[in-house]
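Geometric and topological summary
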Amino acid sequence: MNSIFSNKIWLAPLAGYTDSVYRKICKSFGADVVMSEMISADALIYNNPKTKILAEFDEEERPIGLQIFGNDAYKISEGIKILKEYHPDFIDINMGCPMKKIIKNESGAALLKDKNKIKEIVKLSYKTINDKLPLTIKIRAGWSSDKNLFEIVKIIESEGASAIIFHPRTRNEMFFGKSNWDLITKVKENSGIPIIGNGDITTPEDAKEMFEKTKCDSIMVGRGAIGNPWIFKQIKNYLQNNSYSEIISPNRIQMIIVHFEKIKKRVGSRKAIHIIRKFIASYTKGMKGASNLRQKCNQTKDEKQFIEYLFNFQP
Ligand SMILES: Cc1cc2nc3c(=O)[nH]c(=O)nc-3n(C[C@H](O)[C@H](O)[C@H](O)COP(=O)(O)O)c2cc1C
């Protein structure tokens, strides 16, 4: 089995969060495989420079997958041709995004309504990749129910995909409730290709439970890794030794500053403040006085002041 699919801890694609900077931070804490956020096939074809930036990565991020989304087999395969020029380690097709702006164009999770289209997309994408790279498909359990799930899995498998990344919620469930891990178990039992289990892993205990309960080949952590890159190390320690250390508050605050400096190097201070703000709530989750800190950081556009608030913060 291809080694990236077996017994690995993946960082999920999270649009707006998992840029090159954060992927590298997560890798430094033990994430085995990372992915770009979803990249529009249409925008790639139109040569949109902002879109192309999403496909860029550094060598140290490998193994990395580039994820594409679209609503048409031909356009997706043309997009894949462009993504191939970046030499990723694999290509993934998004068939799970539930957001309105994506599904209104019949992309993302909307594809789960149309088995024939899924077949067409996987078939042509596989042909385009020409067996040179693994092709993965990231799916949800279905549109409004899981009634077609097993048929969809079979189609994806028989048209040449190397693995399936599976988040067991339907589109209509969005992010509500708990994801149904029993479906991961069933998909794993019924498929011959690796299954990467995803959904609601927020602690090392969850990670172990997903491996044990579902027998999936690898696991993927999404929201649980936002402002919490340590989770990858904790999961690995827990899987190996049944124990892991908690991260203390000063280290969390220091990480915000390190993360900020890394973003700043790439995009400048103003934009970096804007980006890091999204992470502060998660980095400081559960700390006393954190909401006051967040408020202050949200109000200032001045870098010196921003750093001062963080330095002076005493949880
Ligand atoms: C803010 C945000 C952005 C996301 N962006 C993407 C994306 O670009 N591509 C994708 O396949 N899934 C995306 N997802 C879904 C996640 O990859 C993952 O499947 C989902 O969050 C469930 O995993 P979790 O419970 O570990 O977060 C996103 C989710 C969130 C919350």
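This text goes with the structure placed above it.
Predicted, not measured: the structure shown is a model, and the values here were computed from it. In this convention, every chain numbers its residues from 1, walking through the sequence in written order. Given that this is a predicted model, residues contribute local features only at a pLDDT of at least 70 and side-chain atom pairs are listed and counted only at 80 or more, while totals for whole chains, interfaces and linings are drawn from all residues. Side-chain measures here rest on the full set of heavy atoms in the structure, leaving out hydrogens and waters.

Our focus in this paragraph is the overall build of the protein. Runs of H or I in DSSP of at least four residues are treated as helices and runs of E of at least two as strands, each being numbered from the N terminus. The helix and strand tally for the protein stands at 14 helices and eight strands. Its C-alpha radius of gyration of 20 Å places the protein within 12% of the 20 Å reference for a compact globule of 315 residues. On the principal axes, the C-alpha backbone points of the protein span a range of 60 × 45 × 35 Å. Whether two residues touch is decided by their heavy atoms; if any such pair falls within 4.5 Å, the residues are in contact. Counting contacts in the protein only where the partners sit at least 6 residues apart, residues at least 24 apart contribute 69% of the total. As a reference, a globule follows 2.2 Å times the number of residues to the power 0.38, and the radius of gyration itself is taken over C-alpha atoms.

Let us now look at the pattern of salt bridges. Pairing of side chains with opposite charge becomes possible as their charged atoms draw close. One side-chain nitrogen of Lys or Arg within 4 Å of one carboxyl oxygen of Asp or Glu is enough to make a salt bridge. Evaluation of the coordinates by the stated rule reveals 19 salt bridges. The residue Asp 58 makes a salt bridge to Arg 266 at a minimum N-O spacing of 3.6 Å. With a gap of 208 residues between them, Asp 58 in the loop between α3 (49-54) and β3 (64-69) and Arg 266 in helix α11 (residues 249-267) connect regions that are remote in the sequence. A salt bridge links Lys 115 to Glu 151; the shortest N-O distance between them is 3.2 Å. Of the two residues, Lys 115 sits in helix α6 (residues 115-129) while Glu 151 sits in helix α7 (residues 149-158), which places them 36 residues apart along the sequence. On the basis of relative accessibility, which here comes to 26%, the residue Lys 115 falls in the partly exposed class. Note on exposure labels: buried denotes an accessible area under 20% of the residue type's maximum, exposed denotes more than 50%, and partly exposed covers the range between, all computed with a 1.4 Å probe on protein chains only.

Turning to its location among the elements, Arg 252 is positioned in helix α11. Leaving out residues up to four positions away in the same chain, Arg 252 has contacts with Gly 227, Asn 228, Trp 230, Ile 247, Ser 282, Tyr 283 and Met 287.

Turning our attention to the site of the ligand. The nearness test applies per residue and asks whether one of its heavy atoms lies within 4 Å of the molecule or strand. Neighbouring the ligand are 18 residues; Pro 13, Gln 67, Asn 198, Asp 200 and Arg 223 lie closest to it. Within 3.5 Å is the distance limit for a polar contact, defined as a pair of N or O atoms, with the added protein rule that one can donate a hydrogen and the other accept it, and that residues adjacent in sequence qualify only through two side-chain atoms. Within the backbone of Ala 15, an N or O atom sits 2.8 Å from a nitrogen atom of the ligand. Within the contact set of the ligand, an oxygen atom lies 3.1 Å away from a side-chain nitrogen or oxygen of Asn 94. Three residue categories are used. Nonpolar comprises Ala, Val, Leu, Ile, Met, Phe, Trp, Tyr, Cys and Pro, charged comprises Asp, Glu, Lys and Arg, and polar comprises the others, including Gly. By residue class, the composition of the shell around the ligand is eight nonpolar, six polar and four charged.

With that settled, the discussion passes to the sheet that holds strand β1 (residues 9-11). An order of β1-β8-β7-β6-β5-β4-β3-β2 is seen for the eight strands of this open sheet, with the pairing classed as parallel. The outermost strands of the open sheet, each flanked by one partner alone, are β1 and β2 (34-40). Sheet twist, expressed as the average angle between the axes of neighbouring strands with direction ignored, equals 30°. With axes taken as lines fitted to C-alpha atoms, and helix axes fitted only over the stretch in contact, angles between N-to-C directions fall between 0 and 180 degrees. Sitting on the sheet, helix α9 (residues 204-214) is in contact with β1, β7 (195-198) and β8 (218-221), with an inclination near 145° to β8. When DSSP finds two or more bridges between two strands, those strands count as paired.

So, on to the packing of α11 against helix α12 (residues 269-283). As a packed pair, α11 and α12 sit with axes 8 Å apart at the nearest point and diverge in direction by 150°. In this view, α11 runs roughly antiparallel relative to α12, as classed from their interaxial angle. Here the hand of the crossing between α11 and α12 comes out right-handed. Between α11, through Arg 252, Met 255, Ile 256, His 259, Phe 260, Ile 263, Lys 264 and Val 267, and α12, the contact on the second element is made entirely by Ser 269, Lys 271, Ala 272, Ile 273, Ile 275, Ile 276, Phe 279, Ile 280, Ser 282 and Tyr 283. Looking at side-chain class alone, the contact of α11 with α12 contains 12 nonpolar, three polar and three charged residues. Reported orientations rely on four angle classes, namely roughly parallel under 35 degrees, roughly antiparallel over 145, roughly perpendicular from 65 to 115, and oblique for the rest. Here is the rule for handedness: rotate from the far helix to the near one, and if that takes an anticlockwise turn smaller than a right angle the crossing is left-handed, while a clockwise turn gives right-handed.

A few words now on helix α14 (residues 303-311). Three or more residues of α14 are buried, namely Phe 306, Ile 307 and Leu 310. End-on, the buried residues of α14 take up no more than an arc of 90°, which puts them together on one face. In α14, the exposed positions that point more than 90 degrees away from the buried face belong to Lys 304 and Phe 311. At its buried positions, α14 is contacted by α11, α12 and α13 (290-299). Throughout, the arc means that of the directions going from the helix axis to the C-beta atoms.

Moving on, we come to the nonpolar core. In terms of nonpolar packing, the biggest core is built from 88 residues, with Met 95, Ile 139 and Phe 166 touching the most fellow members. Of the residues forming this core, the biggest block, seven residues, is contributed by α12. In contact with Phe 166, not counting residues within four places along its chain, are Ile 139, Arg 140, Ala 141, Leu 149, Leu 183, Ile 184, Val 187, Ile 195, Ile 196, Gly 197 and Asn 198. By convention a nonpolar core is built from buried Ala, Val, Leu, Ile, Met, Phe, Trp, Tyr and Cys residues, the set being connected through side-chain atoms within 4.5 Å. The next biggest cluster of nonpolar side chains, apart from the first, holds 11 residues, and it includes Phe 5, Val 33, Phe 90 and Ile 196.

Positionally, Asp 72 belongs in the loop between β3 and α4 (73-84). When the C-alpha atoms of Asp 72 and Lys 213 are compared, they prove to be 36 Å apart, with 141 residues separating the residues in sequence. In this structure the side chain of Asp 72 is engaged in a polar contact, spanning 3.1 Å, whose partner is the backbone nitrogen of Tyr 74.

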